[in-house]
Amino acid sequence: MKVFVISLPDAVERRGAAKRQLDEAGVAFEFFDAIRGDDAIRECKFEGFDDAGFLLNTGRLAVVGEIGCFASHRELWKRCVELDEPIMIMEDDFNVLPKFARALRCANDVISNIGFLRLQTTLRAKAVQVASLGEFDLKRYTKTPHGLMCYCLSPGVAERFVEATRKIDAPVDVFTKKFWEHRQPMYALAPYTVAPSVLSVDTTIVGRNKSRKAWPVAARRFMRKAGWYWQRWIFNLRMRVRPKEKPMVAADTSVQTDRATIV
């Protein structure tokens, strides 16, 4: 599976750290020059921006940097479709943990059947185990975390994501986490083999500050979040009652997940 690392062309320290770690892990990769927000707007990478929706989805308006971030991921989704094969996408502020190369091989074996797989550590997420894959466990998120530092996706999912994001109303990780809207279950490979590095503290996306909102906006945002809760609950309920999902499967047999059979 091809590995792409999103990085600004002048991010010398980040690129150096990424190359050193992936070279040591024996993982071939390619840098993808990150798109700057101003360039994304000027080059019309999106058909439009829903400012009102962005405010309700995040509690603030979009900043230029996250528009560029979204455009960078979306261009790689397009690349995935053009290649007609799964790819792994990484952001350049990662820290590779032990077993990463083996996790990549495992991901390569299953990604075509499950569509989306995350290898990055999580905070405040919830997941259920659906299969045992030798030294790794395949889990399905019932509550997806923020962040897209390291994940794989299939061409079919990439194509659907591209189509769904012609106009954006949220940061890229908020879009992907709302599986109840795009209808693609989000899976994870545990134990996680990628974590944020110290470089992630100094983010290249600045200005994401929330401010006190007028009560009509606050009320609408509360209602939207309540709607998310129930939509997520219904989606998870439907996934849970589907007969194909099994909590544990031996690693040396074909395993049934809630999406497909993995051999």
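Just so we're clear, the structure is a prediction, and the values are computed from it rather than from any experiment. (Residues numbered from 1 in each chain as written. Predicted model: local features only at pLDDT ≥ 70, side-chain atom pairs only at ≥ 80, totals over all residues. Heavy atoms only, no water.)

Peer 1: Tell me what's going on with the sheet that holds strand S7 (residues 126-133), and back it up with residues and numbers.
Peer 2: The sheet built from 8 strands is open, its strands ordered S2-S1-S4-S9-S6-S11-S8-S7 with mixed pairing. What marks the edges here is a single partner per strand, and that holds for strand S2 (30-33) and S7. Neighbour-to-neighbour, the strand axes of the sheet open up by a mean angle of 30°, direction not taken into account. As judged from the 4 bridges shared by strand S4 (residues 87-91) and strand S9 (residues 150-153), these two strands associate in the antiparallel manner. Residue Ile-89 lies in a different strand from S9, and its bridge partner there is Tyr-151. Those strands touched by helix H5 (residues 100-114) are strand S1 (2-7), S4, strand S6 (116-118), S7, strand S8 (136-143), S9 and strand S11 (187-190), and its axis lies near 160° from that of S6. (Pairing = 2+ DSSP bridges. Helix = DSSP H or I, 4+ residues; strand = E, 2+ residues; numbered from the N terminus. Axes fitted to C-alpha atoms, helices over the stretch in contact; angles between N-to-C directions. Contact = heavy atoms within 4.5 Å.)

Peer 1: How would you explain the confidence of the model for the protein if you had to name every residue and give the values?
Peer 2: Confidence along the protein averages 86 in pLDDT terms, with 86% of residues attaining 70 or more. Of all helices and strands in the protein, the one with the weakest mean pLDDT is strand S14 (residues 261-262) (36), whereas S2 scores best (98). For the stretch residues 245-263, pLDDT sits under 50, and the model shows 62 contacts to residues farther than four places along the chain or on other chains. (pLDDT = per-residue confidence, 0-100.)

Peer 1: Residue-level account of unusual backbone geometry, with values.
Peer 2: Omega for the bond connecting Ala-190 with Pro-191 falls within 30 degrees of zero, at 5°, which places this linkage in the cis form. The backbone phi angle of Cys-44 is positive, close to 55°, even though this residue is not glycine. Along the polypeptide, Cys-44 turns up in the loop between helix H2 (37-42) and strand S3 (48-49). The backbone of Arg-183 sits at a positive phi, close to 70°, despite the residue not being glycine.

Peer 1: A description of the environment of Tyr-229 should follow, citing residues and the corresponding values.
Peer 2: Summarising the element assignment, Tyr-229 is placed in helix H9 (residues 215-241). A sequence separation of 49 residues divides Tyr-229 from Trp-180, and the C-alpha atoms of the two residues are 9.7 Å apart.

Peer 1: Quick one: what's the story with the pattern of salt bridges, residue by residue and with numbers?
Peer 2: Here the idea is simple: oppositely charged side chains can pair when their charged atoms come close. Per the stated rule, a full pass over the model turns up 15 salt bridges. Taking the shortest distance from any N to any O, the salt bridge between Arg-79 and Glu-30 comes out at 3.7 Å. Of the two residues, Arg-79 sits in helix H4 (residues 64-83) while Glu-30 sits in strand S2, which places them 49 residues apart along the sequence. You can call Arg-79 partly exposed: its relative accessible area is 26%. Assessed through its relative accessible area of 39%, Glu-30 is described here as partly exposed. Ionic pairing is found between Lys-45 and Glu-43, a salt bridge with its closest N-O pair at 3.5 Å. Using a relative accessible area of 43% as the deciding quantity, one classes Glu-43 as partly exposed. Each of Arg-14, Asp-92 and Asp-93 takes part in salt bridges that share partners, so that together they form one network. (Salt bridge = Lys/Arg side-chain N within 4 Å of Asp/Glu carboxyl O. Buried < 20%, exposed > 50% of the residue type's maximum accessible area, 1.4 Å probe, protein only.)

Peer 1: I'd like a description of H4, backed by residues and values.
Peer 2: Its 20 residues place the ends of H4 29 Å apart at the C-alpha level, agreeing with the 28 Å of an ideal helix rising 1.5 Å per residue. Here H4 has its buried residues at Glu-66, Ile-67, Gly-68, Phe-70, Ala-71, Ser-72, His-73, Arg-74, Glu-75, Leu-76, Trp-77 and Cys-80. (Expected span 1.5 Å × (residues − 1).)

Peer 1: Explain the side chain of Arg-140 to me, using residue names and the numbers behind them.
Peer 2: Position of Arg-140 among the secondary structure elements: in strand S8. Within polar-contact distance, the side chain of Arg-140 engages the side chain of Asn-236 at 3.4 Å. (Polar contact = N/O pair within 3.5 Å; in protein donor to acceptor, adjacent residues only side chain to side chain.)

Peer 1: So what's going on with the environment of Ile-41? Residues and values would help.
Peer 2: Looking at the secondary structure, you find Ile-41 in helix H2. Note on Ile-41: relative accessible area 39%, which makes it partly exposed. C-alpha of Ile-41 to C-alpha of Val-64: the two residues are 23 residues apart in sequence and 8.6 Å apart in space. Residues contacting Ile-41, with those up to four places away along its chain left out, are Phe-49 and Ile-67.

Peer 1: Which residues make up the packing of H4 against helix H6 (residues 155-164), and what are the values?
Peer 2: Packing of H4 against H6 leaves a shortest axis separation of 8 Å and a crossing angle of 135°. Comparing the axis directions of H4 and H6 gives the class oblique. The way H4 lies across H6 gives a crossing that is left-handed. Residues Arg-74, Trp-77, Lys-78, Cys-80 and Val-81 of H4 touch H6, and the partners they reach there are Pro-155, Ala-158, Glu-159, Phe-161 and Val-162. Looking at the contact of H4 with H6, its residues break down into 7 nonpolar, no polar and 3 charged. (Parallel < 35°, antiparallel > 145°, perpendicular 65-115°, else oblique. Left-handed = near helix turned anticlockwise from the far one by under 90°. Nonpolar A, V, L, I, M, F, W, Y, C, P; charged D, E, K, R; others polar.)

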